[in-house]
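# Residue-level structure breakdown
These are the residues of each chain, in order.
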Amino acid sequence: GECDARPRRCGRRAARVRARLRRVEDREVVAKPPPAAMSGAHLSKDFFELVKSIGESKSKQEEDRIIVREVAVLKRLMGEAKVSAKRMKEFLVRVIYVEMLGHDASFGYIKAVELTACGNLLQKRVGYLCAGLCFSPDHEFRLMLVNRLQKDMVSSNLLECSAALIAACKLITADMIPAVLPTVVELLKHEQEGVRKKAVMVLQRFNSMAAPSVAHLGERFRRALCDKDPSVMGASLHVLYDLASKDPTSYKDLVPSFVSILKQITEHRLPREFDYHRIPAPWIQMRLLRILAILGTADQRASEGMYEVLLDVMRRADTGINVGYAIIYECVHTVTTIYPNGTLLDAAAAAIARFIKSDNHNLKYLGVTGLTAIVKDHPKYAAEHQLAVIDCLEDPDETLQRKTLALLYRMTNPVNVEVIVAKLLGYLKSAVDVFLRMELVTRVTEAAERFAPNNNWYVSTMTDVFEIGGDLVRPEVAQNVVNLISEGTGEDDEAADESLRRHAVETYLALLDKPALPDVLLQVLFWVLGEYGYLSSSMSLEAILDRVCGLAGRANVDATTRGYALAAALKLTAQLGRVTPAAGAVVERYSDSRFVDLAQRCHEFRALLARPATMADVLPVDASAEEIEVDEGLGFLDGYVAAALAAGAKEYVSHDISDDESEDGAEDGAGAAAGLRFEAYENPEESTNVPDAGGGDFGGGAHGGGGSDFGGGHGGGSSLEAAA
């Protein structure tokens, strides 16, 4: 009996083992989808052919042909009478491809709306996805989805509710918010943390679209911050960040809560699934740091509660991985934004130093950006990193170069301006990007104007900027240089002013041999040499005049710049007392120029040459900054007027049009207020006089027969000669 019982017990034990193995296999089958589903076997061959052909297309034209054929196929297939929901799901994915590549697939929009009502979750989500990606913000089909979204949000199926909340972020517009807002607010109390988190996300979206619609939910957002699930708390930080950005005062009381949450995170109080490369919840940390930066701005009391945790976060994040560097950078930004603390600033500067000295371009960029924030209000930290920052200009990364330029400008001071400007000018010579060159010219100009150690250095530096930057220099910058040279230091130090002018003259004389100079530099050069060329000790006045005339005759000189040259030649001729052959040739060459300004200057030149005394009076030496006395009463014309009256001329009578109109109105009985006449004009009287046959020319008849030339009725000749 015992022998018979043992096999039976062994058989029962083997049966139990086999049953347990079958249950394990069944669980594995349920947990893991079949390989066919993972490989996309539920999709048709046509779909894979479409994706393959798009990827293998060699040109945009070939891609367009593929999509046009696909649109035709989809119109035919989606218009069939009986199309299963499974096939329609695939068609909508293909519609997304069509829209993604820039073609219209609006014929399939209604099918997306229909598929959202499907009971199959995967098909419902594809319908929502297609609608969210393809519908324009004002598309009328969005309104058809409001009822569907409301039903899915209150569904007992957790996945349907989540799908509806995700779709609401993409499909709900500002006008549709009141229809779904109560339902979303109610989901903040859902038992599942995933639903609560998505409800907070939807409310953040509503706040970004129409802030007044959720303005009354401030207390709900505060409760979400205290949610027992970290994911809901993390989602609430985004909407609280948006609200605090607009109204920091209303959320100052939450500073202790934010500090406490940040401290718990750094102490690894959150579950392990929130860790990223051994850093606890790094994105939540960074969002908290940004909120603290807003709330601590210009608030010493609020900032003092953050100092300890900020120092601890910065210390713990220094683990040598990228996400830790991101947290350190956010700490630096927060430290430089809140009420300053010396210990935190020192720690931030030390962290920045490691970034700048790194070989990684991204870390260098973080270092330069962080140091820019520190230097803005605390320039003392820039001195020790000056050389390292200048070296960043040699980096091939253009983004880093631009950021370094901004930092160098902030670092500039009277002590280091010469070094930094020299480096920027050297970089300007090799830069080819127009926008980068424009920014460099602006930075150098502003730095030179603000921190120039002396006037001679400023003139030399701006001359280099004019030469290298050329047309990128603003006209007012050149005018500032001219004003400085003409007006001097403004301290009544004639010796210093003369020394500055002599330095400017010698600087510009050294440029005369260069084959090509920008117009802005030539204009300043001509003005300086014309006004102060007599101060030169290296070149005679006659030689300067000949060189100026030689530059004026160059083919690549602008007409406006050539006008500056003629003005300079006229001034130098007045100082010299005679005209040189070179000057005469230039005047003769441009007297008939198609540019009126040049021709006028040449005629003025000739007229003044015929009257040396007048030339000396109107072009005195070193009188550019002197004020001109203006006779507002025109007393110098009294003799001329008296002689004309004695010869029988009619005396001038002032004529006020408004007074005459008022008098005319009074005579008509309408008063001064009558401005319009509504009666018809009288018919003109018929004249029996026959006009002269030659009286049709302009300027003839009663005007003295002056012809059609300008100035014909005033006795002939040019106005310049008459005035001279």
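This text goes with the structure placed above it.
Notes on the structure follow.

Parameters and conventions
Residues numbered from 1 in each chain as written. Predicted model: local features only at pLDDT ≥ 70, side-chain atom pairs only at ≥ 80, totals over all residues. Heavy atoms only, no water. Phe/Tyr/Trp six-rings, centres within 6.5 Å; stacked < 30°, edge-to-face > 60°. Helix = DSSP H or I, 4+ residues; strand = E, 2+ residues; numbered from the N terminus. Buried < 20%, exposed > 50% of the residue type's maximum accessible area, 1.4 Å probe, protein only. Core = buried A, V, L, I, M, F, W, Y, C linked by side-chain atoms within 4.5 Å. Contact = heavy atoms within 4.5 Å. Expected span 1.5 Å × (residues − 1). Arc of directions from axis to C-beta. Salt bridge = Lys/Arg side-chain N within 4 Å of Asp/Glu carboxyl O.

## Thoughts on the packing of aromatic side chains
This structure, assessed with the given rule, holds seven aromatic pairs. Ring plane angle 80 degrees and centroid distance 5.9 Å describe the contact between F47 and Y97, whose orientation is recorded as edge-to-face. Here Y97 lies in helix α5 (residues 85–100) and F47 lies in helix α3 (residues 45–56), a separation of 50 residues in the sequence. What makes F47 buried here is its relative accessible area of 7%. Here F135 and F141 contribute two aromatic rings whose centre-to-centre distance is 6.0 Å and whose plane-to-plane angle is 65 degrees, an arrangement assigned as edge-to-face. Judged by its relative accessible area of 4%, F135 is buried.

## Description of the nonpolar core
Within the largest apolar cluster, 201 residues are counted, with the highest numbers of intra-cluster contacts made by L203, F206, F258, F466, Y508 and L525. A total of ten residues in this core trace back to one element, the largest contributor, which is helix α29 (residues 519–532). In this view, Y508 contacts V459, T463, V481, L521, V524, L525 and V528; residues no more than four positions away in its chain are not counted.

## Some words on helix α30 (residues 541–552)
Because the α-helix completes a turn every 3.6 residues, residues three or four places apart line up on one side. Taking 1.5 Å of rise per residue, twelve residues should cover 16 Å, and α30 covers 17 Å from first to last C-alpha, within 8% of that figure. All of the buried residues in α30 are L541, I544, L545, V548, C549, L551 and A552. Along the long axis of α30, the arc covered by the buried residues comes to 160 degrees, so they all point the same way. Next to the buried residues of α30 lie α28 (494–509), α29, α31 (559–576) and α32 (581–590).

## Some details on the environment of E487
For E487, the position within the fold is in helix α27 (residues 475–487). We classify E487 as exposed; its relative accessible area is 53%. E487 sits ten residues away from D497 along the chain, and the two C-alpha atoms are 8.0 Å apart.

## Details of the side chain of T573
Examined against the element boundaries, T573 turns out to sit in helix α31. When residues no more than four places from it in sequence are discounted, the contact partners of T573 are L545, R578, V579, A583, F605, L609 and M615.

## Remarks on the pattern of salt bridges
Overall, the coordinates contain 29 salt bridges when judged by the stated rule. E63 serves as the salt-bridge partner of K60, at 3.3 Å between the closest nitrogen and oxygen. Of this pair, K60 and E63 both sit in helix α4 (residues 60–78), three residues apart, which is roughly one turn of the helix. Judged by its relative accessible area of 15%, E63 is buried. Among the ionic pairs, K571 bridges to E531, the shortest N-O distance being 2.8 Å. On the criterion of sequence distance, the pair formed by K571 in helix α31 and E531 in helix α29 is long-range, its members being 40 residues apart. Residues joined in a network through salt bridges with shared partners are R402, D433, E439 and R443.

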